[in-house]
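One letter stands for each residue in the lines below.
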Amino acid sequence: PSPTPSPTPSPTPSPTPSPTPEPSPSPTPSPVTPDSACAAPDACSALDQPDRESCMSPTPNFFESLTMEEYNAVRDYLLAQDEAGALAPFKFSSLISLDRYSPPKADVLAYLDQGAPAPPREARADMVVEKEDGSLARIAVKVDLPSPSTWSRVPVIRGREEVFHQVLGINSADHTTPMREMVTEMVNGPLYDIISHIYEGASRLADNCTTKCTRLRQVGPHQVVIPEAGDRSTFDVYSTFGLERRLPGVDGGNTRSFQGSYLHRLSYITFDFHTLAVGGPKLIGINLMGTVYSSVEEVLAAWDDPANSAWKSWTIPLFDSQEEALYATFQPRPGPSRSPEKPLAAISFDPYGARYKIDRNKVTWMGWELELAASKRGPKWYNIIFKGERIAYEIAHQEAFAAYGGHDSGLHHTQYYDGTTYSQGFRGSEMVPGIDCPLNAAYIDAFQALGGGGRGRTGRRAWCVFEYDTALPLLIHDFTPGIGGGGVRNTALVMRTKLTIGNYDYIQEMQLNLDGSMHVNAVLSGYMQGSSYVPTVSQVWGNQVEVGMGSALHDHTMNWKVDLDVGGTSNQIEMERVVPWRFNDNANRLWTSKKLDKMVSQTEFGMNMNPANPMKFVVQSTEKQNKWGTPRGYAIHSTPHHQIYPYDDPAMASFAWTKYNVAVTKFYDEEWTSSLEQDDIFPGAPALNFDTYLNGENIVGEDLVLWVTSGTYHIPHSEDAPVTPTTHGNKAGFTLIPFNYFDENAAMDVTDLFTSDGTIPKDEKPLPMIMKWANDGACVPSYDIVPSSFA
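Remember, predicted model here, so these are calculated numbers, not experimental data.

### As for the pairing of strand 16 (residues 389-404)
Alright, step 1. The buried fraction of strand 16 amounts to 15 of the 16 residues, a majority that puts the element mostly inside the structure.
Alright, step 2. For strand 15 (residues 380-386) and strand 16, the ladder comprises six bridges, and the chain directions are antiparallel. Residue Ile385 lies in a different strand from strand 16, and its bridge partner there is Arg390.
Alright, step 3. What sits between strand 15 and strand 16 in their antiparallel hairpin is a turn of two residues, with Lys387 showing a positive phi close to 50°.
Alright, step 4. Pairing analysis gives 11 bridges linking strand 16 to strand 27 (residues 554-564), with the strands arranged antiparallel. Each bridged residue has a counterpart across the sheet, and for Glu394 the counterpart in strand 27 is Asp563.
Alright, step 5. As paired strands, strand 16 and strand 17 (residues 415-417) are joined by three bridges and run antiparallel to one another. Of the residues in strand 17, the one forming a bridge with Ala402 is Tyr416.

### Digging into the state of the cysteines
Alright, step 1. In the structure shown here, the tally under the stated rule is two disulfides.
Alright, step 2. The disulfide bridge from Cys209 ends at Cys213, spanning 2.1 Å between sulfur atoms. An S-S torsion of about -95° defines the bridge between Cys209 and Cys213 as left-handed. An identical accessibility class is assigned to Cys209 and Cys213; each is buried.

### Description of the packing of aromatic side chains
Alright, step 1. Evaluation of the coordinates by the stated rule reveals 29 aromatic pairs.
Alright, step 2. Where Phe386 meets Phe742, the ring centres are 5.9 Å apart and the plane angle is 80°; that geometry is what we call edge-to-face. With a gap of 356 residues between them, Phe386 in strand 15 and Phe742 in the loop between strand 35 (731-738) and strand 36 (753-757) connect regions that are remote in the sequence. The pair formed by Phe386 and Phe742 is uniform in burial state, with each residue classed as buried.
Alright, step 3. What links up through ring pairs into an aromatic cluster is the set Phe62, Phe63, Tyr111, Tyr382 and Tyr393.
Alright, step 4. The ring of Tyr192 carries Arg204 above its face, with NZ or CZ at 3.8 Å from the centroid.
Alright, step 5. A cation over a ring is seen here: Lys312 above Trp303, with NZ or CZ 4.5 Å from the ring centre.

Rules behind the numbers
Residues numbered from 1 in each chain as written. Predicted model: local features only at pLDDT ≥ 70, side-chain atom pairs only at ≥ 80, totals over all residues. Heavy atoms only, no water. Buried < 20%, exposed > 50% of the residue type's maximum accessible area, 1.4 Å probe, protein only. Helix = DSSP H or I, 4+ residues; strand = E, 2+ residues; numbered from the N terminus. Pairing = 2+ DSSP bridges. Disulfide = S-S within 2.5 Å. Phe/Tyr/Trp six-rings, centres within 6.5 Å; stacked < 30°, edge-to-face > 60°. Lys NZ or Arg CZ within 6 Å of the ring centre and 35° of its normal.

By themselves, these figures tell us nothing about what the structure is for.
Written as structure tokens, this is what we have:
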């Protein structure tokens, strides 16, 4: 379906909810005597210890992802069912994803809140199957656990029992071998003189190359273009090939990759193919120095054209050792290092042992409780409770979209869908203690599966959990003489995972704060997707990072499903806009001030945040108020990011969710994701167009879902070598803050609260607890939970 504009929210006055009984005051905490500062860490937080199993529940928690045993049991069961013909009329082709089945939310809440029986633990398998007519389709089934014996169909997405699927087959030898052979023949034959000039002294392509080596590589993913919008039966597939620097082989062996091979990609010349042409792949263009030619003869003529004489001065060196290419490595640089006499920087530790508890995937800390989970699309957090009340039912990463622009065909139409297509959530890297996480972190293993029907594996130290000092007070007021003041030290709990997809590293985390607020962040690092830097051409796509090398302008746009339950599931959206207010005073002088324009949105919508029109975006309860009669709420702050694709771009249907910083829909169990697999390769006719969710339904007094989009534009620059730093603002995310949810700031009950009466003499004033601990003779932490090895 064609994208339709989202409905404009209708302004209405904020409703006055019916009064509710005033909540009972929280009991005054009794005085606490801290444990010894040298106490051993809590064994249930020291998850790398041999006896950690004794701290865990013997069976999975309710929202826990499938275990490796469950995954393999379901996989084997479905394959056996297919072998026996029990999936008829379908025939199994491949596995798209296999994860925990999410039972109806109403049943889960009845279990969690009302003592109803727990919904059974089941698995959901999304499969590609062959139909009786030979066509392919995506279907979904749920399977009982832990010993699979039955299965039944479930919708792939709301209203869709099956979805069209196309296996391209373009990675098979039947397709790639002819293209590679054609490029090799051109590079080693008529184009060799050009190749050996622009890539200084390049040897001809050969596996056992001994000097100035290169190899063929594909530039970017395969791109599918549908000639007629919406017609999936006919499509073209374009593939682009180029060269990459390689290290010579050892003892006559094959060439080897450089460290940081992504910054050794060469694109002064690339080759474009129509992959599925009748009769086999067909060369459709050769890109030389940013200009596309249709044949080898045209390339040779352009190279000899005096008008292009400057090309002959644009060259890129090739290397025979890693030491010649330090810029793409983490090897120490020549010259003195900084502070060699004090190489270790500030570190963190827990004076009394960890204040959090971990039971499998369940984490509790300072009034917070939740379950974390790994999934194909990215991390999820379930049943987020603060001080006994559910704030969110689910916060789940959905997609990480990266769109490139560059001078060669492999870049200027490249779009990556790292969540769906590349299974971002199951590509967790082992966290390095002291680098990825502070030394006082505890670690959680996570099961990871990449689909396709293979068996899964357990990702070691896929998550880390730690409390840290933010070094910024949570609450503070100056200690005024005669009046006094006070403050609350701010510590927070972080749950972090690192997902590596090819060249990029996504550091995804949730941070819980003492006042009931939470941050969800994705910080980006890793290698740029390198390309040759063509003078007079490449500067409009990036900056030079090394001799002849650069990268391509791109963005990172990420989407999360945020299912808040503020005071229950009966919610609404109030937008509090700050607007100018002009008035005349008693002397008839014109003044400009400001006021709030409050409105409650009536129907589903998508919108962009505009800094020129400041506002608070609040999810409110329609049934519960705080002590002051104001609807209890949570406000959302998202890092602004605006996609520049025109709304009428044919590909926009595949990533329609990028049009909005926030979209709000009525909750449905089957509207579980913002995008589906293969949306990237069928941009004109995606399996799921997010705009179909925005169909004008009422959102007042309903269970609501926020689809939050955030991101950043990455303009490559020299400091991105060797990899993109986490300090340069390359991040996405959002913050949820209590907004009239509590009667006062929720952090006023912490033990580490400092107050000072302004009438007390200076030498008699109490010290903050952290100063007392330090002055009483602190011991050096033992870091008993720090792993002793890293693989």
